[in-house]
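So you can see what is in the structure, the chains are spelled out below.
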Amino acid sequence: MQLDIRLLGPVELRVGGRRVAPGPGKRRAVLAGLALAANRSVSLDRLAAMVWSDVPPPSATANLRSHAAALRRMVGDRLVTRPNAYELRMQPDELDVTEFHRLAENGRTALVRGYALDAVPALDAALALWRGAAGEGLPTGTTLDNRWASLEEQRLQVFEVLTDARLAVGRHADLLPGLREHLAAYPLRERAWGQLMLALYRCGEVPAALAAYRDARARLDQHLGIEPGEELAALHRAILERAPDVSYTRPPPVIAAPSTADPAPIAETSRTVPRELPPDLVTFVGRTREAGEVSTGATGRAPAVVVVTGPPGSGKTGLAVHAAHAVAGEFTDGQIFVDVAYRASVTPAELLARVLRALGVAPGDMPDSADERAGRLRSLTAGRRLLLVLDGVTSAAQVRPLLPASPGPALIAVARRALGNLDGVRRVALSPLAEPGARELLAALAGPERLASDPGATAELIGLCAGSVLALRVAGSRLATWPGMPVAALVGELTAGGSTLDLLSYDDLSVRASLAAAVAVVASEDEVAGRLFELLAACPEAPAAVDRAAAQLGESTERIRRAMEGLVDAHLVARDGAARYRLPALVRDYAAELSTVPSGPASRLVRGNPFLTLSSRSG
């Protein structure tokens, strides 16, 4: 059964060549969201955010299941049910958005290679797929709005690439009506103003070309209060000087041009297209706003760089992978995922080599130095729609050589620290998961009926997990593994007097291991910060003052303040007033364990600490 889903205009569905009415707006939004994430699971929470502009109603899940059932009657087994999610199975040529990206990329590639005549039909065909505004008629104010805005920006870019191709083959006069209409609708696009100036100049309309520059300058000043950019200003000077390089020169005949029948092999045979993203989380909850910020940053204007930060176990990786899947369809040249695993020893040269290998660079062709590798990466990714996700980076130095240098590629970096010395990037900081999100995550893992049967114990369990997504996943997984265990029984084990962190571990999930890794990285990078954490661990319940810590460690107040702020940046310490600091809840549990090690440095600090008084632990 052949499907044909069209989103570049009002949503349309054809099944077996016959047009089918999908139904009301919310059902069409469900279809659109599933099609944009074709062949990937889309959780009910994500679907709800695509359908409702504000907080979904209590009946949202029931409504979504009803819409999915109606769609399944139209598309059959193409719509697959997953746990708390749905997946729509599609071929690439069954969605007009995918076809638009393919044709646009073929056209761009042909133009870059000097085959402007071959670029024109591919780009024309890409724009012909548009029948109106993307997602026209769907509910507004939802998370799909970013996708429609991104597609509209891509449409404008393809129009301007097509204009470049037509300028290259000498079709100057033919361009003028379309360019004027384009600029009437989008008067702030400097690239299009330059194209209009060039077309007018090459048609012999020098005064009109200069007048177009004055119009562009007036519009930019009126709407943005800025002057034209250097590229447009340089074109203006060249026209004034009648410079030879702005005149049209007919290109020499091409001896061996590629076939015009189907330019697709140009892009597909010469490039490796990696698809390395890990599976998306089915139980992704509570971070819809932050996921939207990451998606917007990755698909926005250059530099398209997002840094996701947060405490150990806050769900940074899950959020980054979820957002990357949400926008993967827009990165048609592939997605690369690199797990640095918070290893400070990993050099930028090693990371560059890893990414270049993913792009098809053979070991024998790998440049020797980090600088050469960075240059090769910039050359390979210029203008390409490539998404790179770096998980577990420890410093800006690991990220900087991989930053996109031109529009097209995007980078999402996951780090415990804010990487404040990276310039011009969007930062998304995760706080502890709030109570509603924590409850929703536990319910998704253990079942809502289980939690509803004992609301008091559920509230206590949420408090013990302290907003840690990792801790909540461990607790939920334990409950799911033992269906007969009441929530109160798990709470009892967690508060029975042993180490809470012993029970916040399940298979490869471990809160203790996450915290230990974070502390180890800080201690390896800053010896004073490591000693300072040992001091705080000696009495984890009490707040600490900078001046007293400086006296205890024999360091200056300013040095201790810098080290303390480094621990804050690593989310191992929280501010508690102007000059006082406190350990967050789960970090406090880990620090308390360190303080009980008989031969460890933390125990020595307990005995020799005159200004911190050891108090009883309070869970």
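Now for a description of the structure that goes with this document. What you see is a predicted model, and the numbers here were worked out from it, not measured in a lab.

**Description of a nonpolar patch on the surface**
So, step 1. Taken together, the side chains of Leu188, Leu224 and Ile226 make up a nonpolar region of the molecular surface, amounting to roughly 240 Å² of accessible area.
So, step 2. Residue position: Ile226 is located in the loop between helix H9 (206–224) and helix H10 (230–240).
So, step 3. For Ile226, a relative accessible area of 38% puts it in the partly exposed group.

**So, the sheet that holds strand E11 (residues 426–429)**
The pairing of strands in a sheet comes from backbone hydrogen bonds and takes either a parallel or an antiparallel form.
So, step 1. Taken in spatial order, the five strands of this open sheet run E8-E9-E10-E7-E11, and their pairing is parallel. Two strands lie at the open edges of the sheet, namely strand E8 (335–339) and E11, each paired on one side alone. Sheet twist, expressed as the mean angle between neighbouring strand axes with direction ignored, is 15°.
So, step 2. Across five bridges, the pairing between strand E9 (residues 387–393) and strand E10 (residues 410–415) is parallel. Within E10, the residue paired with Val389 across the bridge is Ile412.
So, step 3. Together, E8 and E9 form the strand contacts of helix H14 (residues 348–358), whose direction differs from that of E8 by roughly 145°.

**Details of the packing of aromatic side chains**
So, step 1. For the structure on display, the rule yields one aromatic pair.
So, step 2. Consider the rings of Phe100 and Trp130, whose centres lie 5.6 Å apart with planes at 80°: the pair is edge-to-face. Taken as a pair, Phe100 in helix H4 (residues 96–112) and Trp130 in the loop between helix H5 (116–128) and helix H6 (144–168) lie far apart in primary sequence, 30 residues in all.
So, step 3. Judged by relative accessible area, Trp130 falls into the buried class, the value being 12%.
So, step 4. Sitting over the ring of Phe331, Arg385 keeps its end group 4.4 Å from the ring centre.
So, step 5. The ring of Tyr342 is capped by Arg416, whose NZ or CZ atom sits 3.7 Å from the centre of that ring.

**Here's the deal with the sheet that holds strand E1 (residues 3–6)**
So, step 1. Here we have three strands laid out as an open sheet, ordered E1-E2-E3, and antiparallel in their pairing. Looking at which strands have only one partner, the edges of the open sheet turn out to be E1 and strand E3 (18–20). The average undirected angle you get between the axes of adjacent strands in this sheet is 25°.
So, step 2. Bridge count between strand E2 (residues 12–15) and E3: three bridges; the pairing is antiparallel. Within the sheet, the bridge partner assigned to Val15 lies in E3 and is Arg18.

Rules and cut-offs
- Residues numbered from 1 in each chain as written.
- Predicted model: local features only at pLDDT ≥ 70, side-chain atom pairs only at ≥ 80, totals over all residues.
- Heavy atoms only, no water.
- Patch = residues over 30% accessible without salt bridge, like charges linked within 9 Å, V, L, I, M, F, W, Y side chains within 5 Å.
- Areas by Shrake-Rupley, 256 points an atom, 1.4 Å probe, with all protein chains shown as cover.
- Salt bridge = Lys/Arg side-chain N within 4 Å of Asp/Glu carboxyl O.
- Helix = DSSP H or I, 4+ residues; strand = E, 2+ residues; numbered from the N terminus.
- Buried < 20%, exposed > 50% of the residue type's maximum accessible area, 1.4 Å probe, protein only.
- Pairing = 2+ DSSP bridges.
- Axes fitted to C-alpha atoms, helices over the stretch in contact; angles between N-to-C directions.
- Contact = heavy atoms within 4.5 Å.
- Phe/Tyr/Trp six-rings, centres within 6.5 Å; stacked < 30°, edge-to-face > 60°.
- Lys NZ or Arg CZ within 6 Å of the ring centre and 35° of its normal.

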